[in-house]
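A structural walkthrough
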Amino acid sequence: MEMTDDSSAESAASGGAANSLWGGRFGAGPSAIMREINASIGVDKRLWRQDIAGSRAHVAMLGARGIVSAEDAAAIDAGLQQIEAEYAAGGLVEDLALEDIHLHVETRLKEIIGPAAGRLHTARSRNDQVATDFRLWVKAACAEADAALAGLVAALLARAEEHAETIMPGFTHLQVAQPVTLGHHLMAYVEMFGRDRGRFADAARRMDECPLGAAALAGTSFPIDRAMTAAALGFAGPTRNSLDSVSDRDFALEYLAATQLTGLHLSRLAEEIIIWASQPYGFVTLPDAWSTGSSIMPQKRNPDAAELVRAKAGHFLAAFTRLSVVMKGLPLAYSKDMQDDKVTVFAAFDDLGLCLAAMTGMVASIRFNAGRMRAAAASGFSTATDLADWLVRAGGVPFREAHEITGRCVRAAEAKGCDLDGLSDAELAAIDARITPAVRSVLSVEASVASRTSFGGTAPANVRAAIAAARERLG
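Here's a quick rundown of the structure. Every value quoted in this text rests on a predicted model; they were computed, and no experiment measured them.

1. Remarks on the nonpolar core
Counting residues in each nonpolar core, the largest one holds 92 residues, and the members touching the most others are Trp137, Leu156, Phe193, Tyr255, Leu266 and Met359. Non-local contacts of leucine 266, meaning those with residues more than four positions away in its chain, are made with Leu152, Phe193, Val309, Leu352, Cys355, Leu356 and Met359. The next biggest cluster of nonpolar side chains, apart from the first, holds 21 residues, and it includes Ala384, Leu387, Cys409 and Val410.

2. Description of the packing of aromatic side chains
A ring pair, where both rings are aromatic, is described by two values, the distance of the centres and the angle of the planes. Applying the stated rule across the entire model yields 10 aromatic pairs. Taking 6.2 Å as the distance between ring centres and 90 degrees as the angle between the ring planes, the aromatic pair formed by phenylalanine 134 and phenylalanine 346 counts as edge-to-face. Taken together, the positions of phenylalanine 134 in helix α7 (residues 126-162) and phenylalanine 346 in helix α13 (residues 341-365) put the pair 212 residues apart, joining distant regions of the chain. The exposure class assigned to phenylalanine 134 is buried, which follows from its relative accessible area of 0%. With a centroid separation of 4.9 Å and 65 degrees between ring planes, the pair formed by tryptophan 137 and phenylalanine 349 is classed as edge-to-face. A residue pair is termed long-range when its members are at least 10 positions apart, and tryptophan 137 in helix α7 and phenylalanine 349 in helix α13 qualify at 212 residues.

3. Details of the state of the cysteines
With the rule as written, the count across this model stands at zero disulfides. Cysteine 210 provides the cysteine sulfur closest to cysteine 142, a residue in no disulfide bond, and the two sulfurs are 16 Å apart. Take cysteine 409: it sits in no disulfide, and the sulfur closest to it among the cysteines is that of cysteine 418, at 11 Å. For cysteine 409, a relative accessible area of 0% corresponds to the buried category.

4. Description of the side chain of glutamine 339
Mapped onto the elements, glutamine 339 comes out in the loop between α12 (304-328) and α13. By relative accessible area, glutamine 339 is classed as buried at 19%. In this structure, glutamine 339 is in contact with Ile37, Asn38, Ala39, Ser40 and Tyr334, ignoring residues within four places of it in sequence.

5. A few points about helix α16 (residues 399-416)
Between its first and last C-alpha, α16 extends 25 Å over 18 residues, near the 26 Å set by a 1.5 Å rise per residue. Taken residue by residue, α16 has Ala402, Ile405, Thr406, Cys409, Val410 and Ala413 as its buried positions. Along the axis of α16, the buried positions cluster into a sector of 150 degrees, meaning they face one direction only. Along α16, the residues that are exposed and aim more than 90 degrees away from the buried face are Arg400, Arg411, Glu414 and Ala415. Where α16 is buried, its residues touch α15 (384-395) and α17 (425-431). In the segment just after α16, glycine 417 is the residue with positive phi, at about 75 degrees.

6. A word on the side chain of threonine 229
Within the element layout of this structure, threonine 229 appears in helix α9 (residues 226-232). From its side chain, threonine 229 meets the backbone oxygen of arginine 226 in a polar contact 3.0 Å long. Those residues within four positions of threonine 229 in sequence are excluded, and the remaining contacts are Ala57, His58, Met61 and Leu212.

7. Remarks on helix α20 (residues 460-474)
Look at α20: 21 Å from first C-alpha to last across 15 residues, which is about the 21 Å you get at 1.5 Å a residue. Among all positions of α20, only Pro460, Asn462, Val463, Ile467, Ala470 and Leu474 are buried. Down the axis, α20 shows its buried residues gathered within 145 degrees of arc, on one side only. Facing away from the buried side of α20 by over 90 degrees, the exposed positions are Ala461 and Glu472. On its buried side, α20 packs onto α7, β2 (175-181), α8 (182-206) and α19 (445-451).

What counts and what doesn't
Every chain's residues receive numbers from 1 upward, in the order its sequence appears when written. Given that this is a predicted model, residues contribute local features only at a pLDDT of at least 70 and side-chain atom pairs are listed and counted only at 80 or more, while totals for whole chains, interfaces and linings are drawn from all residues. Think of the side-chain values as coming from all heavy atoms in the structure, minus any hydrogens and water. What we call a nonpolar core is a set of buried Ala, Val, Leu, Ile, Met, Phe, Trp, Tyr and Cys residues that are connected through their side-chain atoms within 4.5 Å. Exposed residues in this analysis have more than 50% of their type's maximum accessible area, buried residues have under 20%, and partly exposed residues fall in between, with area computed by a 1.4 Å probe over protein chains only. Note on contacts: a residue pair is in contact if any heavy atoms of the two residues lie within 4.5 Å. What counts as a ring pair is set by centres within 6.5 Å for rings of Phe, Tyr and Trp (its six-membered ring), and what kind of pair is set by the plane angle: stacked under 30 degrees, edge-to-face over 60, tilted for all other angles. Helix and strand definitions follow DSSP, with helices as H or I runs of at least four residues and strands as E runs of at least two, each counted in order from the N terminus. The term disulfide is used for any two cysteine sulfur atoms that are within 2.5 Å. Between the first and last residue of a helix there are one fewer steps than residues, each counted as 1.5 Å, and that sum is the expected span. The arc under discussion is defined with respect to the helix axis, by the directions toward the C-beta atoms. Whenever a nitrogen or oxygen atom comes within 3.5 Å of another N or O atom, the pair is scored as a polar contact, on the condition that within protein one atom can donate a hydrogen and the other can accept it, and that pairs from neighbouring residues in sequence are kept only if both atoms are in side chains.

See below:
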């Protein structure tokens, strides 16, 4: 509902009854509400470095093109450098009346240098200004995510190398399927997080265009040099369409999409750590630094850090969905809805950094119980596929028939209460005469993993080769 000054005065004269709808926080009525909902300084104050950098590049270009005098350009730049030093030393004092980071900087600049500060905003709008600031920030966020992922990958590679021969069960449907090496299992996450690094790098390449100079939506009549400001800010070049420049938030969505997939992979690893740390498995022991105790059960060691990482995956998905819903119905060019982009991205950035740091710490310090892993790998007839493959290779048996013969062997072992290698040579031959004592070479879990030498397989030699290749490929 549109509110006028008269309607506010009438409300005050009537004892402020209407204001009771908003409560004491908004005692001044609609104007206080509008100030609260419109102000973004509590969020976009993070952009002060980018805002000052963008303004310095802009005024340098204005001076070079003769749009403002050399004296004014020098005064503005000196004032911006002073503000930068003030914010770096003491932070920024928020004022809701100034609404956003751009007005905070401009207001302080005017206090320092006087009316010449007003020339800074020549040939630009807050629309292209915020788009530029935010792109700069998200580009840096992509680089931070890549660096943090590189640290996690390095921790995984170190542990995979340590456990290239450690045998554990491989699962499908969370049932013991075939034996693998722990190194091979950890290398699966190296692949996942390597793809995540690639997504952040791809997103950074696509957002490497500078919106500054697009102005409100149509460009400007001043003879600006957009290539100059783009280069000064480290962009590959300027954006090509002024309307798209100020209305695009694909770069933020791509960052959130990469964050969401990284969170998904973090959550899968966290889930495995949680399962492995449980007493029925006992595959790992988490250090005290990544665990908590119970308030009532003194024996408990809870994997809280892993559980919290798992929970954050939902936050990343929600962030991507939230901004997608904001953007999906917006006509060109700028709408105030887009102010909601930064709170969403900033929260995802904070959570991602925390999750990557926590997971890197857990991977580096977790203790693996190799004995429990090997015992579990030997259970559940995990070498059944090796028996079937041996029948195909050594006996010329068609695989479907070999599969059926192996199934009979499993039933016999179940009845006897042993694993496949617990059946005697005579018992195996009685099931099918083509099973000779030579089959013993494939029935142990050690022999099974050693035989998986196909490219990408779990054999220890393959794992070591994969580690070396990953270090060269991923840096």
